[in-house]
Structure formats: C-alpha cells, structure tokens
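# An overview of the molecular structure
The residues making up each chain are set out below.
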Amino acid sequence: MREIVIGGAQMGAIQKADTREAVVDRMIVLLDQAKAAGCDLVVYPELALTTFFPRWFIDNQSEVDFWFENEMPNAATAPLFAAAKKAQIAISFGYAERTQDGHYYNTSVLTDRDANIIGTYRKVHLPGHSEYDPERSFQHLEKRYFEPGNLGFPVWKNLNARMGMCICNDRRWPEVYREMGLQGVELVMLGYNTPTVNSQLSDEGIEQRLYHSELSMTAGAYQNATWVVGIAKAGLEDGHPLMAGSIIVDPNGYVVARASSEVDELVVHACDMDACTFGKTTIFDFGRHRRIEHYQRIGTQAGVVIND
Ligand code: ING
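One structure accompanies this document, and this report is about it. From a predicted model like this one, the values you see are computed outputs, not experimental measurements. Starting from 1, residues in each chain are numbered consecutively following that chain's sequence as written. Selection of residues for local features in this predicted model requires a pLDDT of at least 70, selection of side-chain atom pairs for listing and counting requires 80 or more, and totals for whole chains, interfaces and linings are taken over all residues. To obtain the side-chain values, all non-hydrogen atoms of the structure were used and water was disregarded.

## Here we look at the environment of alanine 17
To be explicit about the condition: Secondary structure elements follow DSSP: runs of H or I of four or more residues count as helices, runs of E of two or more count as strands, with numbering from the N terminus.
Along the polypeptide, alanine 17 turns up in the loop between β1 (3-10) and α1 (20-36). With 16 residues separating them in the primary sequence, alanine 17 and glutamine 33 have C-alpha atoms 26 Å apart.

Printed below as a string of structure tokens:
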C-alpha cells in the first residue's frame, strides 16, 4: 500500500484589497490543520495568492503586472514554503506567473516535502475572451492576461507516486487526463476559480455548474484509473460569487471527500496509490486496448470539420 494522506485546502474569497501576506497567513493556517490531520500533501486552488483578477478589464500593463509573481518562492510566499518544509508536507498551489523574459502564465507548482519546487505546470486551456465584452454580465479575460501554457502535461515522481497537475478549465477536457494517464499518472491535482454565475447564460443555476465540474473530474479519474483532487477558491469576491465543490475522487470515479462550505476548509483523505493498479492493468490497460490508428483527429484537428 502506498498511502498518501492528501489535504484539499479550499480557500474562501480573496478580495482585491487583500494582501499576499494576509492570504499566505490563511494558507499556513490550512497547512497547520493539515499537519494536525497527518497530511503528507496539501493541494491549494488556482490563483491562490490573489483575487480572480481576470474578471476585471485592465488596460494598463503595470496594473496587470501587480497581480503577477516575478519569482517563486518570493518574499510574500517564503513563510508558506518555510512552514511546509517544517511540517514536511508537499504542497501544490496556483498563482499568476510573469517569467524573467516577460511571459505571462496561469501557473501551478508542486513541491517535495522539503519545499523544493519539483514541478511547474502552466494552464493550457484558457477560457473566456481577450477583449472587453459588453454582452457579458462580468468579464472572464484569461485569454487577455495569460498565454497558453508551453509545458504540456508533465508527470513527476513525488512521495513515491506519479503526480501531475492541471488548472481549472483544463479539468473539462478529457485529453488533459489522458495525456497524463499515458504517463502512468496516479494523482492529478488541480485548483479552480469557477464563477457561480454563467456570464453568458444567467439562468444556468449553480447546480448544473457544480454537476459539470464533478462530472469532469470523476470521469477523468475513472477513465485513467487515477486519483483526482479538485480544489476551489470559493465565496464572494468583491461582489462576484465563485462556487465551491472541492472534492477528492478515487480511481474508480467515486467522490471520497467533499467540502461543505464556501470558505477556507480542509478536506482530507488517505489515498492509496496502489488503488490505481487494478484499473491500469485491466479495463484501462492502455497498451492492450487503445487503437491509436483510429485517433488521428484528436491530435491533429482543433475544431469540428464537417465532411458531409
Ligand atoms: N474558470 C471556469 C472553469 O472552467 C468556465 C470557466 C466556467 C468555463 C464554467 C466553462 C463553464 O471552471 C476558469 N478559471 O477556468
């Protein structure tokens, strides 16, 4: 049995006016709870250090840059890395990354127990739009502020397991899980910031959005015989609601832990990585069952092509 006790550190709202330092203090409180619960790993949300700023139209680059981190760790996050090292807990969390050569990504990092960053992922599937859209009840400008990730979907060995990351909208695309599944992934960690309201379909209730989020993650887990941990930043950010719905999903697609609030909340489950083995060696033994000679479109075609 290769058990990893995983803590899903759901975070409540982060207001525009909240400082990085105040947010890191909240993350350390969740880490302390995880330590008390015997966690080996803690998963935080997407853009965990700031408010979900892509909801705002910003046309001044220095104002945009305010939301980005130029290095990681940095002065604001050093206390979190120090606390994780002291606790001997691996962590993953998302943040807005500005690279030294001036590229902008929606990024997440993964550390080992000594708070060394062993993995970086940059969000590939950027939802929303790049210009102000007056038709929307609020903006979702990820295509304006971030470039599509350039690292693909790597998988790393950490805590004696094969782990990968994706971010938010990535969880809705089966290709994401399969790219990691084909590397033998046993744990997919992801954070999300999902508006409770659909800016283009005002009568879409939260129930459907929660259902689609859970459906995406449970399907990804089952169809790739992997654990999936999906952790929300939730709550009301400057009047804009983000949904919760944080869950831990086992390799059979069952939800084994679920947040019950929309605030800072730790959900914990002891995840046996060996629970992936049966699925990977029987129904989802990819090498034995997949017929790649019929899958050309998935890797060569972005949109629909109608041939009739
Ligand atoms: N947020 C949302 C997400 O994919 C979204 C955007 C919501 C797309 C609902 C489609 C439907 O969860 C981010 N940050 O990707």
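Resuming the write-up.
## Looking at the site of the ligand
Note the threshold: Note on terminology: near, applied to a residue and a molecule or strand, indicates that one of the residue's heavy atoms is within 4 Å of it. Polar contacts here mean pairs of N or O atoms no more than 3.5 Å apart (in protein, one a potential hydrogen donor and the other a potential acceptor; neighbouring residues in sequence count only if both atoms are side-chain atoms). All accessible-area figures derive from a Shrake-Rupley calculation using a 1.4 Å probe, and residue coverage is judged against the displayed protein chains alone.
In the vicinity of the ligand there are 13 residues, among which Glu142, Cys168, Asn169, Arg172 and Thr194 approach most closely. Glutamate 142 is positioned with one of its side-chain polar atoms (N or O) 2.8 Å from a nitrogen atom of the ligand. A distance of 3.1 Å is found between a nitrogen atom of the ligand and a backbone nitrogen or oxygen belonging to asparagine 193. For the ligand, the protein covers 82% of the area, taking 370 Å² as the surface of the free molecule.

## Observations concerning the side chain of glutamate 69
Here is the rule we go by: Contact definition: two residues touch when any of their heavy atoms are within 4.5 Å.
Position of glutamate 69 among the secondary structure elements: in the loop between α2 (61-65) and α3 (78-87). For glutamate 69, the side chain forms a polar contact with the side chain of arginine 20, separated by 2.6 Å. Apart from the residues within four sequence positions on either side, glutamate 69 is in contact with Arg20, Leu49, Asn74, Tyr95, Ala96, Glu97 and Arg98.

## Some remarks on unusual backbone geometry
Quick note on the threshold: Under the scheme applied here, a residue whose accessible area is under 20% of the maximum for its type counts as buried, over 50% as exposed, and between as partly exposed, the area being computed with a 1.4 Å probe on protein chains only.
For the bond running from methionine 72 to proline 73, omega is 0°, close enough to zero to count as cis. By the element assignment, proline 73 lies in the loop between α2 and α3. Despite not being glycine, alanine 115 has its phi angle at roughly 65°, a positive value. Along the chain, the position of alanine 115 falls in the loop between β4 (104-111) and β5 (117-122). For alanine 115, a relative accessible area of 15% translates into the label buried. In this model, aspartate 238 sits at a positive phi of 45°, which is unusual for a non-glycine residue. Its place among the elements puts aspartate 238 in the loop between β10 (235-237) and β11 (240-242).

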